[in-house]
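Structural overview
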Amino acid sequence: MHYESNSSAIAIFAFFVAFVLGLSFWLGRKAKSAKGYYAAHGQIGWFVNGVAFAGDYLSAASFLGICGMIAFYGYDGFLYSIGYLAGWIVALFVIAEPIKRLGKFTFADALDSKFNSPGIKLAVAISTLVVSTFYLIPQMVGAGSLIQPLLGLEYKWGVLLVGITVTIIVVTAGMVSTTWVQFIKGSLLVFFCFILVIMILQRGFTTTTPMPRRNIPISSLVGAKIEHVEGKPFFRITETDGKTRYWHVEDSGRTVLPLAPIDATPHVSEAQSLTTGKDGKKLVNGVPQSMANDLHPVGSIATLPGGQTSTGPLGPASFLSTLQNSEVVTWSKETIAEKDGSTTDIYYPKVRKGAELLTPGGSPTFSGVRSNILSKKLDFISLMLALFCGTASLPHILIRYYTVKDQSAARKSTVVGIGAIGLFYVLTLYLGLGAMTSGALDPTNNNLAAPLLAKSFNGTLFAIISAIAFTTVLGTVSGLIMAGSGAVAHDLLEKYFKVPMDDHKKVLYGKCAAAVIGVIAMILGILFEKLNPTFLVGWAFNIAASANLPSLVMLLFWKRTTRQGIIAAVTVGMITSLGWILLSAQCFKDVYKIDPTRSPVPFSQPGLVTIPLGFIVLIVVSLMTAANREERQRGFAVVDE
Amino acid sequence: MDDPQSLEHPDNHPETVSRNARNGLILFVVYVVLYAGFMFMNAFAPDRMKQPILAGVNLAIIYGMGLIVAALVLALVYMQLCKPRP
């Protein structure tokens, strides 16, 4: 859909960027030491750090991706919320205090605290960079694809704007400014989502939004030419006004309202179409796309319980129970290839029962749970396991533990983080369902559900939510670049390559690394424009959990863990999970565009196999190399690498 | 006393460290059981998740929200347990 340039959103965002940059320069005057750059002097208060956790963690994928998924498919988006939040339990109960106790600047410090081995530094630094890159690309892609509809600028400007702003933030004051950007972003995000949810509950549901024409016998349609689209449940009708409309054939087995007798004549519903020609020209319903001729916004309530037309204000529970007993018009997409080489995306309405939308399995990602195929169920369990184990293995989250004073502050800030993030995820359920029924969704872009929901209230709120969506990217990207900068300068250059560094040089190298990573992030963001952000984030969680979690946990709880065991577990976990992903059906389908059934792996999410594999490798290698360790304990000098 | 790495720091007292770690593990296991129950119910008994159980809201949502609330409750319990004893 076309969007007008939104000057108030640009103004709010420009104000925010200016404020954040000013703050960075101001803080940068003080953050001259390595401890200042990498760990904000270890002096951030626990409350601020806790909210900064939320700002660090709640990426564009959380905010826009989950809202969009709920708005289009119902409950399934909420499964991500639950998994993302549950991961914090691992962080709090298992990881937080030891990581604070054992480490200094990076998470490699903690893993290596017992052994002081360059091999561990190298393996962990590489896994940090791989995980952070996988996480970084979707953030940059998100920034680019948001800027067009939200601020009215081109894709590449979104990527460059975020890349440059974040690089400046990190280079001026490192972790100090990163923390404050994340704190501000976290507070704004939770606060405005809260406001939005109150407005949704106040508005309640109404059925008055204009309805698509549904369930009409095909014989009653008139047009210059009616033809059936071969092999697809669509009719193409060329109308007298020159428009081409597609009509979707209703499945006679499905309940359609109002209930019509199913007879020999197929019943059809009006769809919308977007045709992209070989030259890139776009046609909406067969006529060139313009402000006047564009796709209609979608998403509405078909029927409310008891035949009401409007519910008035609802409470948090009655909102859900009302929706459960209502019927909702949702929109699906089907792509067909035209004879002249262009492709047409057809968006067609489907009436679904609320009860079905509020249970798992409605989306393509999780449809496996409703099937009887075991591998599909395992795919679901594997993803839920990766989300659970991944959070506490994400390098950009772990480095936040070095910005607080001591273990008790680490603990308290995690509790604050859980509170803020948990509240946010409860709110996203309402935001998503509110968007689903707002009549404002863009059928072509799931990621815009939350901002468009705000637009259905008023323009100012749209501007604010758009600006916040964009700043969401800033907070997470700065955390990722910080994690990468620490891995390169502190782990690789200083500890592995033994580049001599004084305190001043440590900061200098860190800043240079941050600038280089910033540039790489911008290039990757522009290269991977077409990639789906949500998958990449899921993959980052899988790799993080497989590569990092086994070593972290075993180091803390198994005394016989050896240096070689850790190196092997990190390397094997990283390579197998990455390899599995590259061979998965999902990757075949979405990245290489080849037949997904040719994928050699049984399900797409590796976690269920590769996380236990990491543990096994660590245990086996540790037992095999245990002799070395005993020698060392007896006082023999063991040459390290 | 202020250096968090130092053994003098009250947090680093071996008894405190092992007490916190033990409490953490117990609460962790409690949550894992809740989370695993959710995961397996969704995968193997999706029909059960459809039934309304509280204020007309179905089990899928109540259980999901419950997991979010349980995380916060367990976190607060843990914080209480970790307080230095007099």
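Since this is a predicted model, take the numbers as computed values, not measurements.

This part takes up the confidence of the model for chain B. Close inspection of predicted coordinates is inappropriate for parts of the model with low pLDDT. With 84% of its residues at a pLDDT of at least 70, chain B reaches an overall mean of 83. Here the predicted complex carries an ipTM of 0.89, next to a pTM of 0.88.

Residues and elements named next belong to chain A. Burial analysis of strand 6 (residues 272–276) places four of its five residues in the buried class, the great majority of the element. Strand direction decides the pairing type here: strand 6 and strand 11 (residues 343–353), joined by five bridges, are antiparallel. Its bridge partner being in strand 11, Leu-274 is matched across the sheet by Asp-345. Between the antiparallel neighbours strand 6 and strand 7 (residues 282–284) lie five residues, among them Gly-280 with a positive phi of about 90 degrees.

Here we take up the packing of helix 15 (residues 459–496) of chain A against helix 16 (residues 503–527) of chain A. Residue and element names in this part refer to chain A. The geometry of helix 15 relative to helix 16 is characterised by a closest axis approach of 8 Å and an angle of 130 degrees between their N-to-C directions. By the criterion of interaxial angle, the relationship of helix 15 to helix 16 is oblique. Crossing geometry of helix 15 relative to helix 16 is assigned as right-handed. Residue-level inspection shows Ile-481, Gly-484, Ser-485, Val-488, Ala-489, Leu-493 and Glu-494 of helix 15 in contact with helix 16, the latter providing Lys-506, Tyr-509, Gly-510, Ala-513, Ala-514, Ile-517 and Gly-518. A breakdown of the residues in the contact of helix 15 with helix 16 according to their chemical character gives eight nonpolar, four polar and two charged.

Moving on, we get to the sheet that holds strand 6 of chain A. As summarised here, the arrangement of the six strands in space is 8-7-6-11-10-9 (chain A), forming an open sheet in which the pairing is antiparallel. Each of the sheet's edge strands pairs with one partner strand only, and the pair in question is strand 8 (287–288) and strand 9 (300–303) of chain A.

Quick look at the interface of chain A and chain B now. Of the residues lining the interface, 46 residues belong to chain A; the matching set on chain B comes to 42 residues. Each partner contributes to the roughly 3,900 Å² buried at the junction of chain A and chain B, and carbon and sulfur atoms together form 74% of this total. Along the contact surface separating chain A from chain B lie zero salt bridges. At the boundary of chain A and chain B, one finds eight residue pairs in polar contact (both at pLDDT 80 or more). Mapped onto the side of chain A that touches chain B, the elements with two or more residues apiece are helix 5 (76–102), helix 9 (316–324), helix 11 (374–390) and helix 13 (407–436) of chain A.

Among the surface-exposed residues, A:Val519, A:Ile523, A:Leu527 and A:Phe528 lie close enough to one another that they form a single nonpolar patch of about 370 Å² accessible area. Locating A:Phe528 in the fold gives a position in the loop between helix 16 and helix 17 (533–557).

Turning our eyes to something else, we now look at the nonpolar core. Of all hydrophobic cores here, the largest spans 218 residues; its most connected members are A:Tyr57, A:Phe63, A:Tyr425 and B:Tyr31. Here this core gets 20 residues from one element, more than from any other, and that element is helix 8 (residues 155–203) of chain A. Aside from chain neighbours lying at most four places away, what touches B:Tyr31 is A:Ala86, A:Ile89, A:Phe388, B:Leu67, B:Ile68, B:Ala70, B:Ala71 and B:Leu74.

Take the packing of helix 7 (residues 118–151) of chain A against helix 18 (residues 563–582) of chain A next. Relative orientation and spacing of two packed helices are given, respectively, by the angle between their axes and the distance between those axes. All names here are of chain A. The N-to-C vectors of helix 7 and helix 18 enclose an angle of 25 degrees; their axes lie 9 Å apart at closest approach. Looking at the two axes, helix 7 sits roughly parallel to helix 18. As helix 7 runs across helix 18, the sense of the crossing is left-handed. Taken together, the residues of helix 18 that come into contact with helix 7 (itself represented by Gly-119, Ile-120, Ala-123, Val-124, Ile-126, Ser-127, Val-130 and Phe-134) are Arg-563, Ile-566, Ile-567, Val-570, Thr-571, Met-574 and Leu-578. Tallied by class, residues from the contact of helix 7 with helix 18 come to eleven nonpolar, three polar and one charged.

The next thing to look at is the pairing of strand 3 (residues 234–238) of chain A. For a regular strand, the rule is simple: side chains alternate between the two faces of the sheet. Residue and element names in this part refer to chain A. Taken across its five residues, strand 3 has four buried, putting it largely inside the fold. Where strand 2 (residues 225–228) meets strand 3, four bridges bridge the pair, whose relative direction is antiparallel. Along strand 3, the bridge assignment pairs Lys-225 with Thr-238. Counting the residues that bridge the hairpin from strand 2 to strand 3 gives five residues, and of these Gly-231 lies at a positive phi of roughly 75 degrees. Examined bridge by bridge, strand 3 and strand 4 (residues 244–249) share five bridges and lie antiparallel to one another. Across the sheet, residue Thr-238 finds its bridge partner in strand 4, namely Thr-244. Where strand 3 folds back onto strand 4 in an antiparallel hairpin, the turn is made up of five residues, including Gly-242, whose phi is positive at roughly 90 degrees.

Another aspect to go through is helix 19 (residues 585–592) of chain A. Within helix 19 of chain A the residues assigned to the buried category are A:Gln586, A:Cys587 and A:Phe588. Directly after helix 19 of chain A, the chain includes A:Lys593, whose backbone phi takes a positive value near 55 degrees.

The next point concerns the pattern of salt bridges. Residues and elements named next belong to chain A. Scanning all chains against the criterion turns up nine salt bridges over all chains. A salt bridge links Asp-112 to Lys-121, with the nearest nitrogen and oxygen atoms 3.6 Å apart. Residue Asp-112 shares its accessibility class with Lys-121, and that shared class is buried. Connected through shared salt-bridge partners, Asp-109, Asp-112 and Lys-121 make up one network.

Looking now at the side chain of A:Ser466. Its place among the elements puts A:Ser466 in helix 15. With residues near it in sequence (within four places) discarded, A:Ser466 still touches A:Ala9, A:Leu150 and A:Pro451.

All names here are of chain A. With antiparallel pairing, the five strands of this open sheet are ordered in space as 1-5-4-3-2. The two strands at the open ends of the sheet, each matched to only one other strand, are strand 1 (216–217) and strand 2. As paired strands, strand 1 and strand 5 (residues 267–270) are joined by two bridges and run antiparallel to one another. Bridging from a neighbouring strand, Ile-216 pairs with Val-268 of strand 5.

Residues and elements named next belong to chain A. Counted under the stated rule, the structure contains 31 aromatic pairs over all chains. Consider the rings of Tyr-37 and Tyr-38, whose centres lie 4.9 Å apart with planes at 85 degrees: the pair is edge-to-face. Comparing Tyr-37 with Tyr-38 shows no difference in burial state: the two are buried. With 5.0 Å between their ring centres and 50 degrees between their planes, Tyr-84 and Phe-541 make a pair best called tilted. With Tyr-84 in helix 5 and Phe-541 in helix 17, this pair connects stretches of sequence that are 457 residues apart. When its relative accessible area of 4% is taken as the criterion, Tyr-84 is described as buried. Between Arg-203 and the ring centre of Phe-457, over which it is positioned, the NZ or CZ distance is 4.0 Å.

Cut-offs applied
Residues numbered from 1 in each chain as written. Chains lettered and ligands numbered in written order. Predicted model: local features only at pLDDT ≥ 70, side-chain atom pairs only at ≥ 80, totals over all residues. Heavy atoms only, no water. pLDDT = per-residue confidence, 0-100. Buried < 20%, exposed > 50% of the residue type's maximum accessible area, 1.4 Å probe, protein only. Helix = DSSP H or I, 4+ residues; strand = E, 2+ residues; numbered from the N terminus. Pairing = 2+ DSSP bridges. Axes fitted to C-alpha atoms, helices over the stretch in contact; angles between N-to-C directions. Parallel < 35°, antiparallel > 145°, perpendicular 65-115°, else oblique. Left-handed = near helix turned anticlockwise from the far one by under 90°. Contact = heavy atoms within 4.5 Å. Nonpolar A, V, L, I, M, F, W, Y, C, P; charged D, E, K, R; others polar. Buried area = accessible area lost by both parts, 1.4 Å probe. Salt bridge = Lys/Arg side-chain N within 4 Å of Asp/Glu carboxyl O. Polar contact = N/O pair within 3.5 Å; in protein donor to acceptor, adjacent residues only side chain to side chain. Patch = residues over 30% accessible without salt bridge, like charges linked within 9 Å, V, L, I, M, F, W, Y side chains within 5 Å. Areas by Shrake-Rupley, 256 points an atom, 1.4 Å probe, with all protein chains shown as cover. Core = buried A, V, L, I, M, F, W, Y, C linked by side-chain atoms within 4.5 Å. Phe/Tyr/Trp six-rings, centres within 6.5 Å; stacked < 30°, edge-to-face > 60°. Lys NZ or Arg CZ within 6 Å of the ring centre and 35° of its normal.

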